Amino acid sequence: SLQPVRKPRVPDVHRRDWSDSAIDRFILAKLESEGLTPARRAERKILLRRASFVLTGLPPTPDEIQVFVDDRTTMAYERAVDRLLDSPHFGERWARHWMDVVRYSDTYGYEWDIPAKGAWRYRDYLIRALNEDVPFDQLAREQIAGDLLPEPRINADEQINESMIGPMFYQ
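Okay, so let's go over this structure. Model, not experiment: these values are computed from the prediction.

1. Brief notes about the overall build of the chain
In terms of helices and strands, the chain carries eight helices and two strands. Reading the chain from its N terminus to its C terminus gives the helix and strand order α-α-α-α-α-α-α-β-β-α. Against the 2.2 N^0.38 benchmark of 16 Å for 171 residues, the chain shows a C-alpha radius of gyration of 22 Å, more extended than a compact globule. Taken over the C-alpha atoms alone, the chain extends approximately 60 × 45 × 40 Å along its principal axes. Every one of the 171 residues in the chain was classed for burial, and the buried ones make up 28%. When the accessible area of the chain is evaluated, it comes to approximately 12,900 Å², of which 56% is carbon and sulfur surface.

2. So, the layout of surface pockets
Taken as a whole, the largest pocket spans an internal volume of roughly 680 Å³. If you go around the largest pocket, you meet 22 residues; those closest to its centre are Trp18, Asp24, Arg41, Ala42 and Leu47. Of all the secondary structure elements, the ones that give two or more residues to the lining of the largest pocket are α2 (44-56) and α4 (76-86). Per-element accounting of the lining of the largest pocket gives the leading share, four residues, to α2. In terms of residue class, the lining of the largest pocket is made up of nine nonpolar, four polar and nine charged.

3. Examining the nonpolar core
If you look at the biggest cluster of nonpolar residues, it comprises 14 residues, and the most contacted ones within it are Ala95, Met99, Tyr104, Tyr122, Tyr125, Leu126 and Leu139. For this core, the elements supplying multiple residues, two or more each, are α5 (88-101) and α6 (119-131). The leading source of residues in this core is α6, at six residues. Formed by five residues, the second largest nonpolar core is a distinct cluster that contains Ala51, Leu55, Val81 and Leu84.

4. Description of the pattern of salt bridges
With the rule as written, the count across this model stands at eight salt bridges. Between Asp71 and Arg79 there is a salt bridge whose closest N-O contact spans 2.7 Å. The salt bridge partner of Arg153 is Glu142, with a shortest N-O separation of 2.9 Å. Of this pair, Arg153 sits in the loop between α7 (136-145) and β1 (154-155) while Glu142 sits in helix α7, and the two are 11 residues apart along the sequence.

5. Thoughts on the packing of α2 against α5
The axes of two packed helices give the description: the angle between them and the distance between them. Where α2 meets α5, the axes come as close as 7 Å, and the angle between the chain directions of the two elements is 60°. Judged by the inter-axis angle, α2 sits oblique to α5. Residue-level contacts link Phe53, Val54, Leu55 and Thr56 of α2 to His89, Phe90, Arg93 and Trp94 of α5. Looking at the contact of α2 with α5 residue by residue, the class counts come to five nonpolar, two polar and one charged.

6. A closer look at the packing of aromatic side chains
We describe a pair of aromatic rings using the distance from one ring centre to the other and the angle between the two ring planes. Under the definition given, this model contains four aromatic pairs. When the ring of Trp98 is compared with that of Phe136, the centres are 5.9 Å apart and the planes differ by 70°; the resulting orientation is edge-to-face. Residue Trp98 is found in helix α5, and its partner Phe136 is found in helix α7; the two are separated by 38 residues along the sequence. Judged by centre distance (6.3 Å) and plane angle (20°), the ring pair of Tyr104 and Tyr122 falls under stacked. Of the two residues, Tyr104 sits in the loop between α5 and α6 while Tyr122 sits in helix α6, which places them 18 residues apart along the sequence. Just as Tyr104 is buried, Tyr122 falls in that class too. An aromatic cluster of at least three residues, connected via ring pairs, comprises Tyr104, Tyr122 and Tyr125. The ring of Phe68 carries Arg44 above its face, with NZ or CZ at 4.4 Å from the centroid. One Lys or Arg, Arg93, reaches over the ring of Trp94 and ends 5.5 Å from the middle of that ring.

Conventions adopted
Residues numbered from 1 in each chain as written. Predicted model: local features only at pLDDT ≥ 70, side-chain atom pairs only at ≥ 80, totals over all residues. Heavy atoms only, no water. Helix = DSSP H or I, 4+ residues; strand = E, 2+ residues; numbered from the N terminus. Rg over C-alpha atoms; globule rule 2.2 N^0.38 Å. Buried < 20%, exposed > 50% of the residue type's maximum accessible area, 1.4 Å probe, protein only. Areas by Shrake-Rupley, 256 points an atom, 1.4 Å probe, with all protein chains shown as cover. 1 Å grid on protein atoms, 1.4 Å probe; cavity = no way out; pocket = protein on both sides within 12 Å on 5 of 7 lines; lining within 4 Å. Points joined across faces, edges and corners; volume = space filled by probe spheres on them. Nonpolar A, V, L, I, M, F, W, Y, C, P; charged D, E, K, R; others polar. Core = buried A, V, L, I, M, F, W, Y, C linked by side-chain atoms within 4.5 Å. Salt bridge = Lys/Arg side-chain N within 4 Å of Asp/Glu carboxyl O. Axes fitted to C-alpha atoms, helices over the stretch in contact; angles between N-to-C directions. Parallel < 35°, antiparallel > 145°, perpendicular 65-115°, else oblique. Contact = heavy atoms within 4.5 Å. Phe/Tyr/Trp six-rings, centres within 6.5 Å; stacked < 30°, edge-to-face > 60°. Lys NZ or Arg CZ within 6 Å of the ring centre and 35° of its normal.

As structure tokens, then:
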């Protein structure tokens, strides 16, 4: 991570028809060097199911599967991924990871399990931030000193200062 960025040479591979992507050629070169072959291409239903679980944590609905299977255009997968990224479930799934890092809990735990009043505000703030595609550097600043930012991020719908919620969990 501390080395200068460089553009590596894309490796030559035996199965040039496997993928047009330069990134995939790095993967294929490593597989070939180990005497392995790539797995066969996933069926469309399985591909959508994998993407849905990764991005939202939920399986696709039967209707979503049918729409994807019937869409034979070159942009079908991109449209499906965009739909999953636009889903509110995307933020719900990925906010979990950040909440694990900060050891989020709805209670203070221990013997009496006392509720942490207002903890849900922090959880919902993270979900909104991820669903609104807030840049990581902005989210990090809000977590550390969101109450001190000269230009806070304001949620017009909720009429709240989003940036100020960031450090709230550490109180």
